[in-house]
Amino acid sequence: MFEKPSWSVKSLFESDKSSAAMPAITQKQLHHLLRLSALPLPASEVQEAKMIKDLKSQLKFVQAIQQVDTEDVEPLQSIRDETKEAEMENEITVRTLQKDIDKEEVVGRRGRIRRRTDVPAAATDKRMKDWDPLAQAPKKLGRLFVVDTAKD
């Protein structure tokens, strides 16, 4: 089916034989369209001729699009992968956000959330899980370390 292209970009460009099928765009029609669009009128005849040529080209493109057979084509809902696998991959859960949640802390009286930048990216690394912050403390009391004050 797709071995040979069914059209080319060159077919959309203005040619002598294709311009015969296009209805002529008059100066009056161009000025009417420009007023409807709240655009300024052309300053010169050269600019007006270029606008008419551009408008003819745009109309030819629209006609080419209208001639495309869309009989068995389903309407496009969105430009993204809508398969089940893609939906599961793109689903946002607490587990997928856990690394970012671990970098947040609540600060201040109003409980604002601040993202810490000093947290290593691999906070769930085995070394971090096995790390014992009390290992170097000289005195411990359960899960707390004891600080001796020298009051004599």
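These remarks concern the structure in this document. (Residues numbered from 1 in each chain as written. Predicted model: local features only at pLDDT ≥ 70, side-chain atom pairs only at ≥ 80, totals over all residues. Heavy atoms only, no water.)

1. Comments concerning the overall build of the protein chain
Applicable threshold: Each helix is a run of DSSP H or I of at least 4 residues and each strand a run of E of at least 2, with the numbering of both proceeding from the N terminus. Partly exposed residues are those whose accessible area sits between 20% and 50% of the maximum for their type, while under 20% is buried and over 50% is exposed, using a 1.4 Å probe and protein chains only. Contacts are assigned to residue pairs with any non-hydrogen atoms lying within 4.5 Å of each other. Computed with the Shrake-Rupley method and a 1.4 Å probe, the accessible areas treat only the protein chains shown as cover for residues.
Helix and strand counts for the protein chain stand at six helices and four strands. Along the chain direction, N to C, the helices and strands of the protein chain fall in the order α-α-α-α-α-β-β-α-β-β. By the burial criterion, 11% of the 152 residues in the protein chain qualify as buried. Across the protein chain, the fraction of contacts at a sequence separation of at least 24, relative to all contacts at a separation of at least 6, is 29%. Carbon together with sulfur atoms contributes 56% to the accessible area of the protein chain, which is approximately 14900 Å² in total.

2. Considerations on helix α3 (residues 45-66)
Operational definition: To estimate how far a helix should reach, multiply one less than its number of residues by 1.5 Å. Taken from the helix axis, the directions to the C-beta atoms give the arc we talk about.
Across its 22 residues, α3 extends 31 Å between first and last C-alpha, which sits within 8% of the 32 Å expected from 1.5 Å per residue. When we look at burial in α3, the residues that qualify are Glu48, Ile52, Leu55 and Lys60. For α3, the angular spread of the buried residues around the axis is 140°, confining them to a single face. Set apart from the buried face of α3 by more than 90 degrees, the exposed residues are Val46, Lys50 and Lys53.

3. Observations concerning a negative patch on the surface
Here is the rule: Candidates for patches are residues over 30% relative accessible area with no salt bridge; among them, like charges are joined within 9 Å and nonpolar side chains (Val, Leu, Ile, Met, Phe, Trp, Tyr) within 5 Å. Here, a salt bridge means any Lys or Arg side-chain nitrogen found within 4 Å of an Asp or Glu carboxyl oxygen. By the counting rule applied here, Lys and Arg register as positive and Asp and Glu as negative, while His and the ends of each chain are not counted. Where a charge lies is defined by one atom per residue type: Lys uses NZ, Arg uses CZ, Asp uses CG and Glu uses CD.
A cluster of acidic residues, Asp81, Glu82, Glu85, Glu87, Glu89 and Glu91, forms a negative patch on the protein surface. Within the secondary structure, aspartate 81 sits in the loop between α3 and α4 (84-90). Overall, aspartate 81 belongs to the partly exposed group, its relative accessible area being 47%.

4. With respect to the packing of helix α2 (residues 27-36) against α3
For any two helices packed against each other, one specifies the crossing angle of their axes together with the interaxial distance. Heads up, the rule is: Interaxial angles span 0 to 180 degrees and are taken between N-to-C directions of axes, which are lines fitted to C-alpha atoms, for helices over the stretch in contact. Geometric relationships in this document are graded by angle, where less than 35 degrees denotes roughly parallel, more than 145 denotes roughly antiparallel, 65 to 115 denotes roughly perpendicular, and other angles denote oblique. Each residue receives one of three labels: charged for Asp, Glu, Lys and Arg, nonpolar for Ala, Val, Leu, Ile, Met, Phe, Trp, Tyr, Cys and Pro, and polar for the others, Gly being one of them.
Two elements in contact, α2 and α3, have axes whose closest approach is 11 Å; the angle formed by their N-to-C orientations is 80°. Classed by the angle they form, the pair α2 and α3 counts as roughly perpendicular. Where α2 approaches α3, its residues Gln27, Leu30, His31, Leu33 and Leu34 are matched on the opposing element by Glu48, Met51, Ile52 and Leu55. Among the residues forming the contact of α2 with α3, the class breakdown is six nonpolar, two polar and one charged.

5. Examining unusual backbone geometry
In the Ramachandran plot, alanine 38 falls in the positive-phi region, its phi being about 60° despite a non-glycine side chain. Within the fold, alanine 38 resides in the loop between α2 and α3. By relative accessible area, which is 69% here, alanine 38 ends up exposed.

6. Examining the nonpolar core
Keep this limit in mind: For this analysis, a nonpolar core means a set of buried residues of the types Ala, Val, Leu, Ile, Met, Phe, Trp, Tyr and Cys, connected via side-chain atoms within 4.5 Å.
If you look at the biggest cluster of nonpolar residues, it comprises five residues: Ile25, Leu30, Leu34, Ile52 and Leu55. Contributions of two or more residues to this core are made by α2 and α3. Every residue in contact with leucine 55, bar those within four places of it in the chain, is listed here: Ile25, Leu30 and Leu33.

7. Observations regarding the pattern of salt bridges
In total, this model carries five salt bridges according to the counting rule given. A salt bridge links lysine 50 to aspartate 54, with the nearest nitrogen and oxygen atoms 3.1 Å apart. With lysine 50 and aspartate 54 both in helix α3, this residue pair falls four residues apart, about one helical turn. Between arginine 116 and glutamate 105 there is a salt bridge, with the nearest N and O atoms lying 3.8 Å from each other. You can see arginine 116 sitting in the loop between β2 (112-115) and α6 (126-130) and its partner glutamate 105 sitting in strand β1 (residues 104-107), a full eleven residues away along the chain.

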